[in-house]
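Chain by chain, the residues run as shown.
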Amino acid sequence: MFIDPLYIVMILPALLLAMWASWRVKANFKKYSQIRSGRGLTGAQAANELLNSAGISDVKIVRAHGVGLSDHYHPIKKQLALSEGVYDSPSIAAVGIAAHEAGHAIQHAEHYKPLWLRSLLVPTASVGSSLGYIVMLLGLFMASQNMVLVGAVLFSAVLIFQLVTLPVEFNASSRAKALLVNRGIITEREREGVDKVLNAAAMTYVAAVASTLMTLLYFLLRSGLLGGRRN
């Protein structure tokens, strides 16, 4: 499969999109992490102000342990974890990312349904990610359409999870952009930098969906489950 021209043709656009999105995230973060926001709040301070403005007092803002941009919101622990480059930085990039994660906390507090659904899908997506691909690959090598189909069903859980993730991430970014300006943390002019950082990050989720979809379609085509015959 790794030298199959069909696989290369199908997966290459998604791979290029993922590479472009990753490059855009790094480039925009690097650029706007060097530009201090006018008000001068750090990422942690900006997130704290947004949470307070939403009436949220039970979410703890902590430093994230990890390499690079490891920022995330943990709904069970009610922790908003910010990476070193975001937690202490007063840059436009830092407050944008911190506000995005605060947006997830606000989604949680407001019982935003896509976020609830995504959390519900985590276990099945984890199983599908670890087993689905292997089962499809074994089914292809053994010329077993039934095995490929079982693997495809498992792997589809990953695709569903990623599709549900899209509105969750886009909504969090939309909230972040609006709240930062409304609370006076950044100006309308500074919002351009936040837009570029968060929009680039959003494209990484789109690229993930494209990659998973193309992988799934490849196995269905090669097994004959799509297209009418096995090649």
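Details of the structure are given in the entry above.
Fair warning: this is a prediction, and the values are worked out from it, not measured in the lab.

A. Structural context of the overall build of the protein. For the protein, the count of helices and strands is seven helices and three strands. When its helices and strands are written in sequence order, the protein yields α-α-β-β-β-α-α-α-α-α. When the backbone C-alpha atoms are referred to their principal axes, the protein occupies close to 60 × 35 × 25 Å. Expressed as a percentage of the 231 residues in the protein, the buried residues total 45%. Of all intrachain contacts in the protein linking residues separated by at least 6 positions in sequence, the fraction that spans at least 24 positions is 71%. Total accessible area computed for the protein in this model is approximately 11,900 Å², and 63% of it derives from carbon and sulfur atoms. On the protein, the mean spot of the 21 positive side-chain charges and the mean spot of the 13 negative ones are 6 Å from each other.

B. Summary view of the packing of helix H1 (residues 5-32) against helix H7 (residues 191-223). Contact geometry of H1 with H7 gives a least axis separation of 8 Å together with a crossing angle of 165°. When the axis of H1 is compared with that of H7, the two are roughly antiparallel. In terms of crossing hand, the pair formed by H1 and H7 is left-handed. Per-class residue counts for the contact of H1 with H7 are 23 nonpolar, six polar and three charged.

Calculation criteria
Residues numbered from 1 in each chain as written. Predicted model: local features only at pLDDT ≥ 70, side-chain atom pairs only at ≥ 80, totals over all residues. Heavy atoms only, no water. Helix = DSSP H or I, 4+ residues; strand = E, 2+ residues; numbered from the N terminus. Buried < 20%, exposed > 50% of the residue type's maximum accessible area, 1.4 Å probe, protein only. Contact = heavy atoms within 4.5 Å. Areas by Shrake-Rupley, 256 points an atom, 1.4 Å probe, with all protein chains shown as cover. Lys, Arg positive; Asp, Glu negative; His and termini not counted. Charge placed at Lys NZ, Arg CZ, Asp CG, Glu CD. Axes fitted to C-alpha atoms, helices over the stretch in contact; angles between N-to-C directions. Parallel < 35°, antiparallel > 145°, perpendicular 65-115°, else oblique. Left-handed = near helix turned anticlockwise from the far one by under 90°. Nonpolar A, V, L, I, M, F, W, Y, C, P; charged D, E, K, R; others polar.

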